[in-house]
Amino acid sequence: MAGQYRRGGGPGEGLFWWTTLSGDAASSVAAMLRLHPECVTYFGHLAHDLRVDHRIRAAITQQ
């Protein structure tokens, strides 16, 4: 499933793969979000998506 692209409009377009991240991959993305808080502007809508790993959601909401 990683790398899949969802067609259609809306804030989640092309971000379906975020829901497939877990373990080390999710930790790495969470660390990247903490180092680059300006990215939260683009991914903030994922903060309340329960399909997204809790580490990523926490990194987004801490910004």
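The structure presented is a predicted model; accordingly, all values stated were derived computationally and were not measured. (Residues numbered from 1 in each chain as written. Predicted model: local features only at pLDDT ≥ 70, side-chain atom pairs only at ≥ 80, totals over all residues. Heavy atoms only, no water.)

Asker: I'm lost on the packing of aromatic side chains in this one. Help?
Answerer: Geometrically, a pair of aromatic rings is defined through the distance of the ring centres and the angle of the planes. Summed over all chains, the structure comprises two aromatic pairs. Relative to W18, the ring of W17 lies with its centre 5.2 Å away and its plane at 40°, an arrangement referred to as tilted. Judged by its relative accessible area of 30%, W17 is partly exposed. When the ring of W18 is compared with that of F43, the centres are 4.5 Å apart and the planes differ by 35°; the resulting orientation is tilted. Here the residue W18 occupies a position in the segment before α1 (23–35), and F43 occupies one in helix α2 (residues 40–43), the gap between them amounting to 25 residues. Accessibility expressed as a relative area gives 2% for W18, which makes it buried. Residue F43 is classed as buried on the basis of its relative accessible area, which comes to 17%. Site record: aromatic cluster; members linked through ring pairs are W17, W18 and F43. (Phe/Tyr/Trp six-rings, centres within 6.5 Å; stacked < 30°, edge-to-face > 60°. Buried < 20%, exposed > 50% of the residue type's maximum accessible area, 1.4 Å probe, protein only. Helix = DSSP H or I, 4+ residues; strand = E, 2+ residues; numbered from the N terminus.)

Asker: Looking at this structure, how should I read helix α3 (residues 54–61)?
Answerer: Those residues of α3 not exposed but buried are I56, R57, A59 and I60. Taken down its axis, α3 places every buried residue within 160° of arc, on the same side. The inward-facing, buried residues of α3 abut α1 and α2. (Arc of directions from axis to C-beta. Contact = heavy atoms within 4.5 Å.)

Asker: Can you help me understand the environment of L35 in this one?
Answerer: Within the secondary structure, L35 is located in helix α1. Overall, L35 belongs to the exposed group, its relative accessible area being 66%. Sequence separation between L35 and A59 is 24 residues; the distance between their C-alpha atoms is 9.7 Å.

Asker: Help me understand the side chain of D49, please; the structure alone is not making it clear to me.
Answerer: Note that D49 resides in the loop between α2 and α3. Judged by relative accessible area, D49 falls into the buried class, the value being 16%. In contact with D49, other than residues within four places in its own chain, are T19 and R57.

Asker: Would you mind showing me how to read the pattern of salt bridges here?
Answerer: The final tally for this structure, using the stated rule, is two salt bridges. One salt bridge connects R55 with D53, and the closest N-O pair in it is separated by 2.8 Å. Given the relative accessible area of 11%, D53 is considered buried. (Salt bridge = Lys/Arg side-chain N within 4 Å of Asp/Glu carboxyl O.)

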